[in-house]
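Below, each chain spelled out in residue letters.
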Amino acid sequence: MVNHPYKNNLSKAKILVVGDVMLDRYWFGDVNRISPEAPVPIAKISHREDRAGGAANVARNISSLGGSVTLLSVIGFDEAGTTLESLLKDNGVHTELYRDNNISTTVKLRVLSRQQQLLRIDFEELPTEEILSNKLDIYTKLVSEHDLVILSDYGKGCLRYAEKMIAAARALGKPVLVDPKGNDYSHYKGATLLTPNRSEFQAVAGSWSSEAALTAKAQALRASLQLDALLVTRSEEGMSLYLGDEVLHQPTVALQVYDVSGAGDTVIATLGLMLANGYDYEEAISVANRAAGIVVGKLGTAVVTQDELFS
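These numbers were taken from a predicted model, which means no experiment stands behind them. (Residues numbered from 1 in each chain as written. Predicted model: local features only at pLDDT ≥ 70, side-chain atom pairs only at ≥ 80, totals over all residues. Heavy atoms only, no water.)

**Points about helix H7 (residues 263-276)**
Selection rule: Counting from the N terminus, the helices are DSSP H or I runs at least four residues long and the strands are E runs at least two residues long. What a helix is expected to span follows from its residue count: subtract one and scale by 1.5 Å. Only protein chains enter the accessibility calculation, which uses a 1.4 Å probe; a residue is then buried when its area is under 20% of its type maximum, exposed when over 50%, and partly exposed in between.
Over its 14 residues, H7 runs 20 Å from end to end, which matches the ideal 20 Å to within 8%, given 1.5 Å per residue. Burial runs high along H7: 13 of the 14 residues are buried. Note on H7: the residue one or two positions beyond its end, Gly278, has a positive phi of about 95°.

Right under this line is the structure:
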């Protein structure tokens, strides 16, 4: 194995991840018959797996690559929250998870047979205003102790004050990377970098018919939001980073696309880790692109290790 220059050299900086966390539950089983009660398959469950999802998956990707990371979020007073917290600690993530008596922890339950997803059931509730206000005060303190901030928005309410969070971090000279959600990006104004995927970007900026048209739309959005950079992940077309005076493109490196869920988490985690440790944008997107190519070859919410990435 080659001793890669990045390997074992990504732990100098401290990264703060803030956003919507969830528990990804996977129930695996066999389907051999149809229910007599309704025309649906019967899955006989043989085993189960729990994984940290959403912003929690961003944090564990950073930890898996040797980074130092703190996760700030909200969970419920329930078994799912306790399980999620335990999984994160087992993955080397320092947690600042605040319990909200009025909500349940977000859970995504997937039922699979022969590696094919049959059904997904979601449990989710928005955190209360009181908890979010308290979290904002804690965030301000934590930002001063970290070198870079990642906001992972899954639209579950934890980033209701994203604009204030970005302003507080930038006032202290801390870069802020955002994995956005929804059709209105105005509350991400002033961030360092946004990482929408192709469909998310199209929903905000509209469609394009050429590479030049895509570049024009990307640069217009970057300028209007006062971003340093905009990264559009483009699936089989790789990823494109739009800076003030140039475009950096990385072709896809995926050997096998098995499951794209969580790939965006891996991309922003790797980008943040590289940038926080002093590497430039070109180096950061090259490594992030390779990390994405590895993680889409895995089932479900997954992480990339240093050995996989730097072998």
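Anyway, onward from the coordinates.
**Remarks on empty space enclosed by the protein**
Let me state the cut-off plainly: Computed over the protein atoms alone on a 1 Å grid, cavities are sets of points where a 1.4 Å probe fits but cannot get out and pockets are open sets with protein on both sides within 12 Å along at least five of seven lines; a residue lines them when it has an atom within 4 Å of a point. Grid points are joined across faces, edges and corners, and a volume is the space filled by probe spheres set on the points.
Under the counting rule described, the total for this entry stands at one cavity of 30 Å³ or more. Here the largest cavity is characterised by a volume of approximately 80 Å³. The wall of the largest cavity is formed by Asp20, Val21, Val74, Ile75, Ile103, Ser104, Thr105, Thr106, Glu125, Pro127, Lys156 and Cys158.

**Description of the sheet that holds strand S1 (residues 14-19)**
Test applied: Strands are labelled as partners when DSSP assigns at least two bridges between them. Note on definitions: a residue-residue contact is assigned when non-hydrogen atoms from the two residues lie within 4.5 Å. An axis is simply a line fitted to the C-alpha atoms; with a helix, the fit covers only the stretch in contact. Between two such axes, the angle follows the N-to-C directions and lies from 0 to 180 degrees.
Within the open sheet, the nine strands sit side by side as S5-S4-S1-S8-S9-S10-S11-S12-S13. Their pairing is mixed. Two strands in the sheet have a free side with no partner beyond their single neighbour: strand S5 (94-100) and strand S13 (247-250). Two elements, strand S12 (residues 239-242) and S13, share four bridges in a ladder whose sense is antiparallel. The partner of Met239 across the bridge, within S13, is Gln250. Across the sheet, helix H2 (residues 79-90) touches strand S4 (68-76) and S5, and the angle it forms with S5 is around 175°.

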